[in-house]
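# Survey of secondary and tertiary structure
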There are 2 protein chains.
Amino acid sequence: MSVSQVMGPVQELRHEMDAPGPARRKLSELDLGDVFKEVLELDTGRVRRGIESILAVVARSIMRGEGFRYVVPTRSASNQMYVEELDRIVLKDKTSSRAFANTGTVRKVTIMTRIMGLVWELCNKGIHVTKRDLFYTDVKLFKTQNESDEVLNDVACMVGCTRTSLSVVASEKGIVIGRVRFREAGDLIDCTRMGVGGKAIPPYVERITDIESDAEFILLVEKDAAFMRLAEDRFYSKYACIIITAKGQPDVATRLFLKKLRETLGIPIMGLVDSDPYGLKILSVYMSGSKNMSYDSANLTTPDIKWLGVRPSDLEKYGIPERCRLPMTEHDIKTGKELLQEDFIKKNPAWYKELELMVKNKEKAEIQALSSFGFQYLTEEYLPRKLAQGDWI
Amino acid sequence: MSVSQVMGPVQELRHEMDAPGPARRKLSELDLGDVFKEVLELDTGRVRRGIESILAVVARSIMRGEGFRYVVPTRSASNQMYVEELDRIVLKDKTSSRAFANTGTVRKVTIMTRIMGLVWELCNKGIHVTKRDLFYTDVKLFKTQNESDEVLNDVACMVGCTRTSLSVVASEKGIVIGRVRFREAGDLIDCTRMGVGGKAIPPYVERITDIESDAEFILLVEKDAAFMRLAEDRFYSKYACIIITAKGQPDVATRLFLKKLRETLGIPIMGLVDSDPYGLKILSVYMSGSKNMSYDSANLTTPDIKWLGVRPSDLEKYGIPERCRLPMTEHDIKTGKELLQEDFIKKNPAWYKELELMVKNKEKAEIQALSSFGFQYLTEEYLPRKLAQGDWI
């Protein structure tokens, strides 16, 4: 089978897709009224001014004799909604008031004020820190990192920006290799020349500019073991693609990077995950966002990821030996049944069918199960056949 | 303070050090008799021939009517010893016999035979796989990954090579940035041009060749938060260094990479870890190896790492605020006291004193505690002052 044959279905898919550029609908374009809140990526100048306005409002409230209080958007599940037209979770308009003169909220208000001061300083200096750094600037006040992290999300909602815009980043986990070149903080990075280890995806996606690529698709891999196989075999040399992994649960930096690639290049994304509920959850985090950061979902999510494999129906189709399938635990089955109720599954009949099959057969399999046919079966047989047949959903 | 002033003590230290090249004593050079076993890095041809010899011995044993059995070096703690002259843990000469015709060992013998067959195949193909891939080639036989991993270590000891020589690698975690250039699988990698995210350290260190550097020292950082600060501030531009992190517990790939840099460049290594027993344990794994892979210690360990910081005495010296110090838990104190008994601490009076101080004050602090003086205190004050004063032990 020649490479051009193999890539046929991928190219067709690509032509069906929108042209490069941000093609997704915005919340403001929908006729849903003012009840939903979404945040934007803001530059440091605008974040600083946002914080200043919040404090100006507070100051006026104090002057009026109405006290020191913040109005904070509620981020609980009851205030979240999945919007089908957008294919992501957004926040509804419920807010709560946090007063300094209230024993129940005085700590939160103090923490919030301190965090806003620190973020203002970061924006002023133009540097980034981790959530851990932030926590350590005042351990006695924050007590646990969980508290400063929570308030950080509140502050992002109040300012109306992403958490990354606050210059506070999570640690980096993701790696990338393959047919893409970009500038990172000015340095030219060519991901076809990154040996076998790949390039670490930076925590500050806004430092990435001038993205260029001749890739036909992005291969999004759940685990680093599969990534290593693909990298060592230089899979991207034969099949023009960009290979990315977040090594398990997707981190914010990898999600932002994937989204940026998708919007710049407009090429399809193929997901390669374990055939278990957890693999699907990982795809869903890339596509619809996590509940915890739903306010930020527009900036973090990349809808329309194709589920290439490993799918429950592959176990029969590719004859994965019984000994490499694992029985699903009670907890797996419960998670699978819960996923069947999720909107992102229900709206995609092919996905629903696969998940139903998984829960019915009570069997799961990791990507590594393909190694039972030989260590290079993944790169030499499974993926080429899937791509040539257009076998994704 | 000028940069040359700052680098003075580092340069002096470097001149005191040995010239580049493998300067460490070998086990065979010591007058300890034949009781100790160490493994070597072998190429795939020699590993294949090693496996073939083991099976030839087995075949002859069967032909003589003495049955199918393997002689396996014992890897338990009772067969391990710390050798001061080498500054690492080695295996003593105890072995055990595993017979196929014994219900207690038949499974181990079967697993061992299967693993040797798989490793032979990998060496023949010249590819690498993860421990997880290996496990998945025969789930029903191996049952848990722990079993195939254990046998893999046994096979390495039997062949007399490192686990990495078996072409089975752990997943990659480490990243590097700074003043070093090398070829990785032929690609030229310049770590001064890796943006802010750095380069992922590859799992196959033997693919790294042509290392060149003008660095004066290697800065070994425990956590990625500190790494990110150093990378964003391009610390290596002002202070000629190579910055490495394994993001917590050191993985095999990062340890091999560090060792290779040290042996090629012959420059000092400065460790920057949390001021707690866990930080010291991390330094000890880089220096003396972990008990679990003691047979491989010569190939994985890099002795003579300097403890730059954060040291217990720094908490007073740099006036780390009370609120950023954390009380040690019972478990921390117990671990600290156990460490005081370890050879690698006892043989270094300055380290012993610091650890004693930690256990006495029952206080710990993370690298991030330095953020309480400002987010860039680490790169602009703490490290420059330490380096200028030669404040390492």
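Residues numbered from 1 in each chain as written. Chains lettered and ligands numbered in written order. Predicted model: local features only at pLDDT ≥ 70, side-chain atom pairs only at ≥ 80, totals over all residues. Heavy atoms only, no water.

The name an unreviewed UniProt entry gives chain A is DNA topoisomerase (ATP-hydrolyzing), with Chondrus crispus as the organism. For the record of chain A, the UniProt heading Sequence similarities (unreviewed entry) holds the text "Belongs to the TOP6A family." (UniProt positions renumbered as here; feature names shortened; annotations may be inferred.)

### Concerning a negative patch on the surface
All names here are of chain A. Taken together, the side chains of E84, E85, E342 and D343 make up a negatively charged region of the molecular surface. Following the sequence through the fold, E84 ends up in the loop between β2 (80-83) and β3 (88-91). Residue class for E84 comes out exposed when judged on its relative accessible area of 53%. (Patch = residues over 30% accessible without salt bridge, like charges linked within 9 Å, V, L, I, M, F, W, Y side chains within 5 Å. Areas by Shrake-Rupley, 256 points an atom, 1.4 Å probe, with all protein chains shown as cover. Salt bridge = Lys/Arg side-chain N within 4 Å of Asp/Glu carboxyl O. Lys, Arg positive; Asp, Glu negative; His and termini not counted. Charge placed at Lys NZ, Arg CZ, Asp CG, Glu CD. Helix = DSSP H or I, 4+ residues; strand = E, 2+ residues; numbered from the N terminus. Buried < 20%, exposed > 50% of the residue type's maximum accessible area, 1.4 Å probe, protein only.)

### As for the interface of chain A and chain B
Contacts between chain A and chain B engage 60 residues on the former and 59 residues on the latter. Summed over both sides, the interface between chain A and chain B buries roughly 4900 Å², with carbon and sulfur atoms accounting for 55% of that surface. When the buried area of chain A at its contact with chain B is split by residue, Y136, M228 and F375 of chain A rank highest and sum to 16% of it. Where chain A touches chain B, the interface holds 6 salt bridges. R234 of chain B is the salt-bridge partner of D187 of chain A, the closest N and O atoms lying 3.0 Å from each other. (Contact = heavy atoms within 4.5 Å. Buried area = accessible area lost by both parts, 1.4 Å probe.)

### Overview of the nonpolar core
Generally speaking, a soluble globular protein has its nonpolar side chains buried in company with each other. L219 of chain A together with L219 of chain B are the most contacted members of the largest nonpolar core, which has 236 residues in total. Aside from chain neighbours lying at most four places away, what touches L219 of chain B is L230, F235, I242, I243, I244, M270, L272, L308 and L383 of chain B. (Core = buried A, V, L, I, M, F, W, Y, C linked by side-chain atoms within 4.5 Å.)

### Quick notes on the UniProt feature "active site" (unreviewed entry) in chain A
The sites that carry the UniProt feature "active site" (unreviewed entry) are, in the present numbering, Y136 of chain A. Among the secondary structure elements, Y136 of chain A is positioned in helix α4 (residues 131-136). If sequence neighbours within four positions are ignored, Y136 of chain A has contacts with C324, L326, E366, Q368, A369 and S372 of chain B.

### A closer look at the pairing of strand β9 (residues 187-190) of chain A
Residue and element names in this part refer to chain A. Bridge analysis of strand β8 (residues 181-184) against β9 gives 4 bridges, and the strand direction is antiparallel. Counted as the bridge partner of R183 is L188 from β9. Between β8 and the antiparallel strand that follows it, β9, lie 2 residues; A185 among them carries a positive phi value of about 50°. (Pairing = 2+ DSSP bridges.)

### Concerning the UniProt feature "domain: Spo11/DNA topoisomerase VI subunit A N-terminal" (unreviewed entry) in chain A
Under the present numbering, the feature "domain: Spo11/DNA topoisomerase VI subunit A N-terminal" (unreviewed entry) in UniProt falls on residues 107-168 of chain A. As annotated, residues 107-168 of chain A has a helix share of 71% and a strand share of 5%, and its two end C-alpha atoms lie 21 Å apart.

### Structural notes on the relation of the copies chain A and chain B
Each copy of the sequence occupies a distinct position, and chain A is placed on chain B by a rotation of 180° and an axial shift of 0.0 Å, giving an RMSD of 0.1 Å. Read as a symmetry element, the transformation amounts to a two-fold axis. Of the interface residues in chain A, 98% have counterparts in chain B that sit at the interface too, so the contact is made through matching surfaces. (Least-squares fit on C-alpha atoms with pLDDT ≥ 70 in both.)

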